[in-house]
Amino acid sequence: MTMIFGIPIQALMGQLLVGLINGSFYALLSLGLAVIFGLLRVINFAHGAQYMMGAFVALLLLTQTGIGYWPALLIAPLIVGLFGALIERTMLSRLYKLDHLYGLLFTFGLALTLEGTFRWFFGSSGQPYAPPAALTGAVNLGFMFLPIYRGWVVVASLAVCIGVWLLIEKTKLGSYLRAATENPTLVQSFGINVPLLLTFTYGLGAALAGFAGVLAAPVYQVSPLMGSNLIIVVFAVVVVGGMGSILGAIVTGYMLGIAEGLTKVFYPEASNIVIFVIMAIVLILRPAGLFGKDA
Amino acid sequence: MALLSVANLHAWYGESHVLHGVTLSVEEGETICILGRNGMGKTTTLRTIMGILRKRSGEIRFAGQDMMTVPLHRTAKAGLGFVPEERGIFATLTVEENLMLPPVVAKGGMTLNEIYQLFPNLEERRSSPGTKLSGGEQQMLAMARILRTGARCLLLDEPTEGLAPVIIQRIGEVLVTLKARGMTVVLVEQNFRFASKVADRFYLMDHGQMVADFPVTDLPQNMAMLNTVLGV
Ligand SMILES: Nc1ncnc2c1ncn2[C@@H]1O[C@H](COP(=O)(O)OP(=O)(O)OP(=O)(O)O)[C@@H](O)[C@H]1O
Ligand SMILES: [Mg+2]
């Protein structure tokens, strides 16, 4: 058996893969948070609930209407995104004039309400969601078996992260978003409908969470609290990456996922807290985060 | 009828009452210049006309349209373009992205080629971040991006502030070019040697009101009064 640092390579690769998969979810979710925070200056506490909604919409599409995984991958984020846009337009947008704390409190309340509602209807226990036929099974990589669905999670999340990054950095719409992040009033004086841009951005962030939820449904159980467990870690990721930094959120998401996986191999007792330890160190040495601009 | 007419305009920053009944009017194709000491409300006048400062009362008409009820993201569409005192160049956008940011609101604006002819520096530096430009180049960029949109009236706040004489001269040439194209300009300026070369008419502002208004030809007989009010 091949060993690295006294660890069998299978175990190492296995945990690396688990880390990469967790990292994929961290990256997608912290990307959404960063997009929202960048423009709206709102810390979206409802992000975990929107992720959970994505998974539930996929599950309900399957059980209620027979719509399968592939269409759900598109429809569920769309529904969660539109729901987010509606919430922004009717409620969240009224809070921008107040202290940022109100936005945070509002989204926190929204998360509790959503989770409570789903618990009322579906109970707290998790429900399985089978991966699509095309992605079941595993391939033998020689040194380990790779479940195909897990490989797909990594590829899909990477593709979406790159897509969103390109949208923001390279397109006209992205230049509106970047400019409005710097000086919304001036951008609006140019004739750009900034309030609509804010609605779109919150919808986009929520849709990203919803997409992550659908991806997660076959990996984890679909349950009302699936998001609240994850979101704490994701907040730590955002802090390490630097609030509002798009690239920072993506890179840090994968990095910390992998760091967590490696810790499981070398020092399993610390694997649950390693991300928070890293967060503490980064906050001490570089309070603006690894990719953040010093304020 | 005047292209832009403002009557009895009041404006507030929170509780602080800054404009106390501003009245002015600008004919199509005219360049007017607002003079006044620091803190007298020149910038506030432009921001209020543009609709950035919303706590306001009085009358603003532009091209026959009542602007008091028009939301901020529609004032540009009416034909008003604003070049702020701090220039407002975006650091996360390239020079060209900055230039292309404001949507075109009407025909008759400059094309990208015409703009690059007028401001060759901007073309050379089109892919650097906007704020990597020198102060003079940033001022050119701030003006150029509005010229692209087809705005009929330019609200231009202290374009020469802090710039070297050669750059100031360059900006003067640009304003003369714009005038030849029929552009209407509301200029705020402290440098009145510069202003007297481009402006048709002057307004003198003091404590949130216009206290005098005269054509450039009457500048000599108003010098004594200007010196008192401006304290130069
Ligand atoms: N954002 C603001 N909040 C509160 N008061 C303000 C604000 N901006 C300007 N003021 C006040 O309003 C008054 C007019 O300011 P304004 O900027 O219009 O003057 P200005 O004539 O443009 O001066 P300058 O020549 O220095 O640019 C000043 O007393 C200023 O202190
Ligand atoms: Mg000023």
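Residues numbered from 1 in each chain as written. Chains lettered and ligands numbered in written order. Predicted model: local features only at pLDDT ≥ 70, side-chain atom pairs only at ≥ 80, totals over all residues. Heavy atoms only, no water.

Under the annotation held in an unreviewed UniProt entry, chain B carries the name Amino acid/amide ABC transporter ATP-binding protein 2 (HAAT family) and is attributed to Cereibacter ovatus.

You'll find chain A entered in an unreviewed UniProt entry as Amino acid/amide ABC transporter membrane protein 1 (HAAT family), with Cereibacter ovatus given as the organism. Turning to chain A, the UniProt annotation filed under Sequence similarities (unreviewed entry) states: "Belongs to the binding-protein-dependent transport system permease family. LivHM subfamily." Listed under Subcellular location (unreviewed entry) in UniProt, the entry text for chain A is "Cell membrane". (UniProt positions renumbered as here; feature names shortened; annotations may be inferred.)

All names here are of chain B. For Thr43, the location among the structural elements is in helix α1 (residues 42–50). Between the alpha carbons of Thr43 and Asp157 there is a distance of 6.6 Å; along the sequence they are 114 residues apart. Discounting residues that sit within four places of it in the chain, Thr43 has contacts with Glu85 and Asp157. A distance of 2.8 Å separates the side chain of Thr43 from the side chain of Glu85, its partner in a polar contact. (Helix = DSSP H or I, 4+ residues; strand = E, 2+ residues; numbered from the N terminus. Contact = heavy atoms within 4.5 Å. Polar contact = N/O pair within 3.5 Å; in protein donor to acceptor, adjacent residues only side chain to side chain.)

The subject of this paragraph is the coordination of the magnesium ion (ligand 2). All names here are of chain B. Coordination of the magnesium ion (ligand 2) by the protein comes from Thr43 (OG1) and Glu85 (OE), over a distance range of 1.8 to 2.4 Å. With a gap of 42 residues between them, Thr43 in helix α1 and Glu85 in the loop between β6 (80–83) and α3 (95–100) connect regions that are remote in the sequence. Looking at Glu85, the relative accessible area reads 24%, which means it is partly exposed. (Donors = N, O, S within 2.8 Å, 3.2 Å for Na, K, Ca; no water. Buried < 20%, exposed > 50% of the residue type's maximum accessible area, 1.4 Å probe, protein only.)

Residues and elements named next belong to chain B. Lining the immediate surroundings of ligand 1 are 13 residues, of which Gly39, Lys42, Thr43, Thr44 and Gln190 lie closest. One nitrogen or oxygen atom from the side chain of Thr43 is found 2.6 Å from an oxygen atom belonging to ligand 1. Residue Glu158 places a side-chain N or O atom 3.3 Å away from an oxygen atom belonging to ligand 1. When ligand 1 is considered free in solution it has 630 Å² of accessible area, and contact with the protein chains removes 59% of it. Of the residues forming the shell around ligand 1, the biggest block, three residues, is contributed by α1. Across the shell around ligand 1, the residue classes break down as three nonpolar, six polar and four charged. (Near = heavy atom within 4 Å. Areas by Shrake-Rupley, 256 points an atom, 1.4 Å probe, with all protein chains shown as cover. Nonpolar A, V, L, I, M, F, W, Y, C, P; charged D, E, K, R; others polar.)

Backbone hydrogen bonds hold the strands of a sheet together, and the pairing may be parallel or antiparallel. All names here are of chain B. Taking strand neighbours across the sheet as the criterion, the four strands line up as β2-β1-β4-β5 in an open arrangement whose pairing is antiparallel. Here the strands that pair on one side only, and so sit at the sheet edges, are β2 (16–26) and β5 (65–66). Both strand β1 (residues 4–13) and β2 contribute to a ladder of eight bridges, which runs antiparallel. When the sheet's bridge partners are listed, Leu9 is paired in β2 with Val22. Sitting on the sheet, α1 is in contact with β1, β2 and β4 (56–62), with an inclination near 110° to β1. (Pairing = 2+ DSSP bridges. Axes fitted to C-alpha atoms, helices over the stretch in contact; angles between N-to-C directions.)

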